[in-house]
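# A structural walkthrough
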Amino acid sequence: MEHPVVARGQHEAGTRSAITFWPGLVVVLGAILTAMGAVIALVHPVMLVSPHDEINGAVHIYAGYLAARNIALALMLVALLCIGARRALGNLMVLIGLIQLLDTSMDVVEGRWAVAPGVMVFGVVFLIAATKLCDGAPFWRIKAWK
C-alpha cells in the first residue's frame, strides 16, 4: 500500500518514475523544432511572412520577441526533461500545445495553408504526450494538475 504522503509518480525512496521513451522523444523533437523557430526568426525573418510582405523594423522587433519566447520554451523543455520533473514538464507541454493550436488558427485565418497542418499535429502530439506525463489523466481534468 502506498503511503499517503508520497506524491503520485514517486516511490517510497523518493525517486520519481522515469519519463517513458515516446513522451521524452516528443519533448526532444519539440525542443529542437522550437529552437529552430527561434533561429529562423533571428537569422532569416523573411520566412515568417508572406513573400510579398515587406521586412521592416517592426518585423524584426516581433521576430526578436518570437525568438526569445521560443528559446525560453526550448530550454525549459530540455531542463525539465533532464531533471525528470514530470508534472512541470507536462504543464509546459500543455502550454506549448495550446500555443501551437492558436498558431494553427492564425495560420488558417491568414491563409498559410501549407504550414497549418504541421503546426496542428505538433500541438496535438504535445497535448497527448502531456497526458502521459500526468499519470494518464487528461489535462482538462483537475486530477492532472494536482
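Up top is the structure these notes are about.
Attention here is on the structure that accompanies the text. (Residues numbered from 1 in each chain as written. Predicted model: local features only at pLDDT ≥ 70, side-chain atom pairs only at ≥ 80, totals over all residues. Heavy atoms only, no water.)

Compared with the 34 Å implied by 1.5 Å per residue over 24 residues, the 34 Å span of helix 3 (residues 86-109) between its first and last C-alpha is a close match. Residues Arg86, Leu89, Gly90, Leu92, Met93, Val94, Ile96, Gly97, Ile99, Gln100, Thr104 and Asp107 constitute the buried set of helix 3. Tucked into the core, helix 3 has its buried residues touching helix 1 (21-43), helix 2 (57-83) and helix 4 (116-133). (Helix = DSSP H or I, 4+ residues; strand = E, 2+ residues; numbered from the N terminus. Expected span 1.5 Å × (residues − 1). Buried < 20%, exposed > 50% of the residue type's maximum accessible area, 1.4 Å probe, protein only. Contact = heavy atoms within 4.5 Å.)

What follows covers helix 4. Under the 1.5 Å per step criterion, the end-to-end length of helix 4 is 26 Å for 18 residues, consistent within 8% with the ideal 26 Å. Just past helix 4, the residue Asp135 takes up positive phi, approximately 55°.

This model, assessed by the stated rule, comprises 2 aromatic pairs. Consider the rings of Tyr62 and Tyr65, whose centres lie 5.9 Å apart with planes at 65°: the pair is edge-to-face. Here Tyr62 and its partner Tyr65 are both found in helix 2, 3 residues apart, which amounts to about one turn of the helix. The class for Tyr62 is exposed, based on a relative accessible area of 59%. Since its relative accessible area comes to 55%, Tyr65 is described here as exposed. (Phe/Tyr/Trp six-rings, centres within 6.5 Å; stacked < 30°, edge-to-face > 60°.)

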